[in-house]
Amino acid sequence: MNWLEVIQGEAPLVLALPHTGTDLADVERDFRSPALARRDADWWVDRLYGFAHDLGATVVRSTISRSVVDVNRDPSGASLYPGQVTTELCPTATFDGEPLYPGAGPDEAEIIRRVDRWFVPYHAALAGEIARLRVRHGRVVLYDAHSIRSHVPRLFGGELPVFNIGTFGGVSCSPALSTAVQGICAGSGQSHVLNGRFKGGWTTRNYGEPDKGVHAIQMELAMRGYLDEPDGPDALDEAHWPPVYDDARAAGMVAVLRDVLDCCIRFAESGG
């Protein structure tokens, strides 16, 4: 499957990249606009974590756009955040509420097809890598990596903290791990929160079983932490979006994230 990237490592850490893809696959012509359908990608997060394999981490990445099927949503279609605005398993609107389709969007049969073609293989790969590493290590950390614009009024008020750590309210990983990650984020001098607006998506909630040796943590980054987000009424048009990635601009964030992943590996290896 050329849309599914799996780079195996031997450290007790799996890095999941569910939303960095922009491939609209065989449904591109169904969308109102390809640019609109790609807008809400976790832009450049795969480049930010490009060092992960050097640490021995296993990386699992889908190149399929979240607008085709969101592999971090409950496959049943149930909302992860009841009572709050969120996007669906197969989104019909952007984060800003703009319709992605000229009509109603995919029907039930099409949703099932997309789940079978992309969602199921992605999670089979993720589960397989966790199981492989559990044979070798007493415990494993699953780190689900994301980013989002700093201001998305439809989804949250005000400005999002730079580091948004999600552990499903403390259920998906040991407090020792989340406390250590919080400490690194605090030491960066940037804003951070634990289990704020983003408490962890389906991946974190589904795989996080600390009592069985699998500790899952989600990191949602506000994009201003690693790139220059455009501002103004035309910020999201094709001339300004996505922002360019600059290694020098992102270097500070990369250094913090390297410490975070290092911390995850040390936690898993400690076995305590």
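Further up the page is the structure itself.
Residues numbered from 1 in each chain as written. Predicted model: local features only at pLDDT ≥ 70, side-chain atom pairs only at ≥ 80, totals over all residues. Heavy atoms only, no water.

Colleague: What should I look at first to understand the overall build of the protein chain in this one?
Modeller: In terms of regular secondary structure, the protein chain is built from six helices and seven strands. If you list the helices and strands of the protein chain from N to C, you get β-β-α-α-β-α-β-β-α-β-α-β-α. The globule rule puts the C-alpha radius of gyration for 272 residues at 19 Å, and the 18 Å found for the protein chain is close to it. The dimensions of the protein chain, computed from C-alpha atoms along their principal axes, are 55 × 40 × 35 Å. Taking the contacts inside the protein chain whose residues are at least 6 apart along the sequence as the reference set, 81% of them involve residues at least 24 apart. Summed over its atoms, the accessible surface of the protein chain is roughly 11,300 Å², and 51% of this surface lies on carbon and sulfur atoms. Between the centroid of the 25 positive side chains of the protein chain and the centroid of its 36 negative side chains there is a distance of 3 Å. (Helix = DSSP H or I, 4+ residues; strand = E, 2+ residues; numbered from the N terminus. Rg over C-alpha atoms; globule rule 2.2 N^0.38 Å. Contact = heavy atoms within 4.5 Å. Areas by Shrake-Rupley, 256 points an atom, 1.4 Å probe, with all protein chains shown as cover. Lys, Arg positive; Asp, Glu negative; His and termini not counted. Charge placed at Lys NZ, Arg CZ, Asp CG, Glu CD.)

Colleague: Would you mind going over empty space enclosed by the protein with me for this structure?
Modeller: Think of a ball as big as a water molecule: rolled over the atoms, this probe shows where empty space is left. Evaluation of the coordinates by the stated rule reveals three cavities of 30 Å³ or more. The space that makes up the largest cavity amounts to roughly 200 Å³. When contributions to the lining of the largest cavity are tallied by element, the ones reaching two or more residues are β4 (140–148) and β7 (214–222). Of the residues forming the lining of the largest cavity, the biggest block, three residues, is contributed by β4. (1 Å grid on protein atoms, 1.4 Å probe; cavity = no way out; pocket = protein on both sides within 12 Å on 5 of 7 lines; lining within 4 Å. Points joined across faces, edges and corners; volume = space filled by probe spheres on them.)

Colleague: When you look at the pattern of salt bridges in this model, what are you seeing that I'm missing?
Modeller: For side chains bearing opposite charge, pairing can occur when the charged atoms are close. In total, this model carries 22 salt bridges according to the counting rule given. Residue glutamate 129 pairs with arginine 132 through a salt bridge whose shortest N-O separation is 2.8 Å. In this pair, glutamate 129 and arginine 132 are both assigned in helix α3 (residues 108–136), three residues apart and thus about one turn of the helix distant. Note on glutamate 129: relative accessible area 8%, which makes it buried. A residue is classified by how much of its surface remains accessible, and arginine 132, at 24% relative accessible area, is partly exposed. Between lysine 212 and glutamate 209 there is a salt bridge, with its nearest N and O atoms 3.5 Å apart. Residue glutamate 209 is classed as partly exposed on the basis of its relative accessible area, which comes to 33%. Counted as one network, the salt bridges with shared partners bring together Asp26, Glu110, Arg113, Arg114 and Arg117. (Salt bridge = Lys/Arg side-chain N within 4 Å of Asp/Glu carboxyl O. Buried < 20%, exposed > 50% of the residue type's maximum accessible area, 1.4 Å probe, protein only.)

Colleague: Help me understand the state of the cysteines, please; the structure alone is not making it clear to me.
Modeller: When the sulfur atoms of two cysteines share a covalent bond, that bond is a disulfide. This structure, assessed with the given rule, holds zero disulfides. Left without a disulfide partner, cysteine 264 is nearest to the cysteine sulfur of cysteine 263, which lies 5.5 Å away. (Disulfide = S-S within 2.5 Å.)

Colleague: Sorry if this is basic, but what is going on with the packing of aromatic side chains here?
Modeller: What characterises a pair of aromatic rings is the spacing of the ring centres plus the angle enclosed by the ring planes. All told, the structure shown has eight aromatic pairs when counted by the stated rule. For the pair tyrosine 49 and tyrosine 143, a centre-to-centre distance of 5.6 Å together with 65° between the ring planes defines the contact as edge-to-face. In this pair, tyrosine 49 sits in the loop between α2 (45–48) and β3 (58–62) while tyrosine 143 sits in strand β4, placing the two residues 94 residues apart along the sequence. Each member of the pair, tyrosine 49 as well as tyrosine 143, is classed as buried. (Phe/Tyr/Trp six-rings, centres within 6.5 Å; stacked < 30°, edge-to-face > 60°.)

Colleague: I would appreciate a short explanation of the packing of helix α4 (residues 175–187) against helix α6 (residues 247–270) in the present structure.
Modeller: Each packed pair of helices is defined by two parameters, the angle between the axes and the distance between the axes. Two elements in contact, α4 and α6, have axes whose closest approach is 10 Å; the angle formed by their N-to-C orientations is 160°. Taken as axis vectors, α4 and α6 run roughly antiparallel relative to one another. The element α4 and its partner α6 pack so that their crossing is right-handed. Here α4 contributes Ala176, Leu177, Ala180, Val181 and Ile184 to the contact with α6, which in turn contributes Val256, Asp259, Val260, Cys263, Cys264 and Phe267. (Axes fitted to C-alpha atoms, helices over the stretch in contact; angles between N-to-C directions. Parallel < 35°, antiparallel > 145°, perpendicular 65-115°, else oblique. Left-handed = near helix turned anticlockwise from the far one by under 90°.)

Colleague: Just checking my understanding: could you explain the layout of surface pockets for this structure?
Modeller: Roughly 260 Å³ of internal volume is contained in the largest pocket. Forming the walls of the largest pocket are Arg149, Ser150, His151, Glu229, Pro230, Asp231, Gly232, Pro233, Ala235, Leu236 and Trp241. When grouped by side-chain class, the residues that make up the lining of the largest pocket number five nonpolar, three polar and three charged. (Nonpolar A, V, L, I, M, F, W, Y, C, P; charged D, E, K, R; others polar.)

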